[in-house]
Amino acid sequence: MPKVNFRYLHSKAFFVSLLFVAVLISSCFSPIFDSGVSPFASGASDKVVSTETELRNAINNSAGSTIIILNKDITLTETTLTIPAGKDITLTSNKASGYYKLIGVVNRHTITVDSGGALTLDGIMVTHKTGEIGGGVTTSKGSTLIMLNGEITGNMGGYYYNPDDHAHMNEIIADGCGVANSGTFKMLGGRISNNIRFLHGDGGGVVNFGTVILSGGEITGNTASWGGGVANSWPSVFEMTGGKISNNKATASVASGGGGGVSIGGSYTEKCVFVMSGGEITGNTAPDGKGGGVHNHGGKFTMTGGKISGNTAYTGGGVYGYAHIFEWIGGEISGNTFTGLYGEGDNVYPENSTGPSGGDSESSNGSNGSSDGNNSGSGSTGGGFSLREVLIICIGVVGVTLAVVMAILLFIFKARWSVETKM
């Protein structure tokens, strides 16, 4: 009987095991890398901060991608917290349950991202003290904001007037109380909630002058005159592939506007583009206005999937359009209600449409699609996983895999020992 080369088999098994572990690790992190978000802080070490001074210093002294961890609630006292050009900052917190708060200065946005800067929110609460005016996050053209986890909540906006503050006199504070975006905003998780924009303002949750990609998370419980959840002002692009826009309210009258969930603005020369391929717009209201789910005034709305349901308005419970383009290719619009004495259209009410309306006011499916449509993202809460949760999961998977590999190697070693002792 030929002698078995156990050393050869042992080395090959070990090599194959290492290769398997490497493939497993890369597969765990590939979704993060594909999204353009790095789970690691390169360059400067991660920073744990407990005070406003430590936080500002950590941002200003950062090099490369840097994770800054809030160790307690921090109330800003100086001015807006700025992410300058060239900085790539992730803000998170190490609170065992919930999130530590970053509380903004009255009459200011809590955070500003300058052109060329990048900010990732992954587990903090961006807010203001109860009753104080001030917005959540504002971004400049050429900047990037990514939201993975946490909340932007409890912010309130109106006109700020102070004759002694010439630098900000008559500034519109928090037009888009949660997020006022002029750059690129990607929302993968978390919540933008309970923000209020009053005095004829747009976008309680988000006002968009740039590009927004909503693939997870929830925009909920926000209030504004137009676009209680989201207001798109021209020129802008909003892509909704998942997540939820829910239970927001537009306070405008039927004569002036609405859009409990989403308001799409535009003009004859520059149009806002809103594309919905997944997710859900539900439970939004415009009790005295138009478009409980979506109010499209002069913009372009293309729907290929997702669901618009359970919304209420004086006119156009689901979708209301005026001088607009509405391409309804797929997805579901159903179960919406108009309440006005002279209102029309439970689900879709096209008025003076310049494009295909996709159906009449009683229809629950698009003219070029079915009521089922492409609902791959429909109804998703889009909570997602934070980087910290992904790391924990991957470490757990790798740990189990290593344990299995060690068990296999131990079995081979015992088998070798048993055979050699018998020979």
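Here's what I pulled together on the structure shown here. Quick caveat, the model's predicted, so the values are computed rather than measured. (Residues numbered from 1 in each chain as written. Predicted model: local features only at pLDDT ≥ 70, side-chain atom pairs only at ≥ 80, totals over all residues. Heavy atoms only, no water.)

## Notes on the overall build of the protein
Within the protein, the regular secondary structure consists of three helices and 36 strands. Put simply, the protein has 423 residues, and 49% of those count as buried. Within the protein, contacts between residues at least 6 apart in sequence are counted, and of these 77% link residues at least 24 apart. (Helix = DSSP H or I, 4+ residues; strand = E, 2+ residues; numbered from the N terminus. Buried < 20%, exposed > 50% of the residue type's maximum accessible area, 1.4 Å probe, protein only. Contact = heavy atoms within 4.5 Å.)

## Quick look at the nonpolar core
Of all hydrophobic cores here, the largest spans 52 residues; its most connected members are Leu91, Ile111, Leu121 and Phe301. Broken down by element, this core gets its largest block of residues, four residues, from strand 8 (residues 118–127). Dropping the residues within four chain positions of it, phenylalanine 301 is found in contact with Ile264, Phe274, Met276, Val294, Asn296, Ile308, Val319, Ile325, Phe326 and Glu327. (Core = buried A, V, L, I, M, F, W, Y, C linked by side-chain atoms within 4.5 Å.)

## A short note on the pairing of strand 21 (residues 237–240)
Only one face of strand 21 is buried, namely the one carrying Phe238 and Met240, since none of Val237 and Glu239 on the opposite face is buried. Examined bridge by bridge, strand 17 (residues 211–214) and strand 21 share four bridges and lie parallel to one another. The residue of strand 21 that forms the bridge with leucine 214 is methionine 240. (Pairing = 2+ DSSP bridges.)

## Some words on unusual backbone geometry
Positive phi outside glycine occurs at asparagine 194, with the angle close to 55°. Examined against the element boundaries, asparagine 194 turns out to sit in the loop between strand 14 (191–193) and strand 15 (196–197). For asparagine 194, a relative accessible area of 45% puts it in the partly exposed group. One non-glycine residue, asparagine 247, lies in positive phi territory at about 55°. Within the secondary structure layout, asparagine 247 lies in the loop between strand 22 (244–246) and strand 23 (249–250).

## Looking at the side chain of threonine 127
Of note, threonine 127 is situated in strand 8. In this structure threonine 127 comes out as buried when scored by relative accessible area, which is 7%. Here threonine 127 is in contact with Lys101, Leu102, Ile103, Gly104, Thr110, Thr153, Gly154 and Asn155, once residues within four sequence places are set aside.

## What about the environment of serine 225?
Topologically, serine 225 is positioned in the loop between strand 19 (223–224) and strand 20 (230–232). Given a relative accessible area of 6%, serine 225 falls into the buried group. Spatially, the C-alpha atom of serine 225 lies 9.1 Å from that of alanine 286, the residues being 61 residues apart in sequence.

## Comments concerning the pattern of salt bridges
Side chains that differ in charge, positive against negative, can pair when their charged atoms come close. Using the criterion set out here, one finds three salt bridges in the structure. As a salt-bridge pair, glutamate 52 and arginine 56 come within 3.0 Å of each other at their nearest N and O atoms. Pair noted here: glutamate 52 and arginine 56 are both in helix 2 (residues 52–60), with a separation of four residues, about one helical turn. Between arginine 56 and glutamate 78 there is a salt bridge whose closest N-O contact spans 3.6 Å. Highlighted residues: arginine 56 in helix 2 and glutamate 78 in the loop between strand 3 (74–75) and strand 4 (81–83), separated in sequence by 22 residues. Overlapping salt bridges bring together Glu52, Arg56 and Glu78 as one network. (Salt bridge = Lys/Arg side-chain N within 4 Å of Asp/Glu carboxyl O.)

## Here's the deal with the pairing of strand 25 (residues 273–276)
The alternating pattern of strand 25 places Phe274 and Met276 on a buried face and Val273 and Val275 on a face that is not buried. By the bridge criterion, four bridges tie strand 21 to strand 25 in an arrangement that is parallel. If you follow methionine 240 over to strand 25, its bridge partner there is methionine 276. Sheet topology places strand 25 next to strand 29 (residues 300–303); four bridges connect them, and they run parallel. Within strand 29, the position partnered with methionine 276 by the bridge is methionine 303.

## Some words on the side chain of lysine 87
Locating lysine 87 in the fold gives a position in the loop between strand 4 and strand 5 (88–93). At 11 Å, aspartate 88 is the nearest oppositely charged side chain to lysine 87, a buried residue that forms no salt bridge. Polar contacts involving the side chain of lysine 87 include one to the main-chain carbonyl oxygen of asparagine 60, which spans 3.1 Å. The residues contacting lysine 87, other than those within four sequence positions of it, are Ile59, Asn60, Asn61, Ser62, Gly116, Gly117 and Ala118. (Lys, Arg positive; Asp, Glu negative; His and termini not counted. Polar contact = N/O pair within 3.5 Å; in protein donor to acceptor, adjacent residues only side chain to side chain.)

## Quick notes on the environment of isoleucine 67
Within the fold, isoleucine 67 resides in strand 2 (residues 65–70). Taking C-alpha positions, isoleucine 67 is 4.6 Å from threonine 90, a pair spaced 23 residues apart along the chain.

## A word on the packing of aromatic side chains
Aromatic ring pairs are defined here through the distance separating the ring centres and the angle between the ring planes. Considering all chains together, one arrives at five aromatic pairs under this definition. Seen from their ring centres, phenylalanine 238 and phenylalanine 274 are 5.1 Å apart, and the 25° between their planes marks the pair as stacked. Linking phenylalanine 238 in strand 21 with phenylalanine 274 in strand 25, this pair joins segments that are 36 residues apart in sequence. Overall, phenylalanine 238 belongs to the buried group, its relative accessible area being 0%. The exposure class assigned to phenylalanine 274 is buried, which follows from its relative accessible area of 0%. Among the aromatic side chains, those forming a connected cluster through ring pairs are Phe238, Phe274, Phe301, Phe326 and Trp328. (Phe/Tyr/Trp six-rings, centres within 6.5 Å; stacked < 30°, edge-to-face > 60°.)

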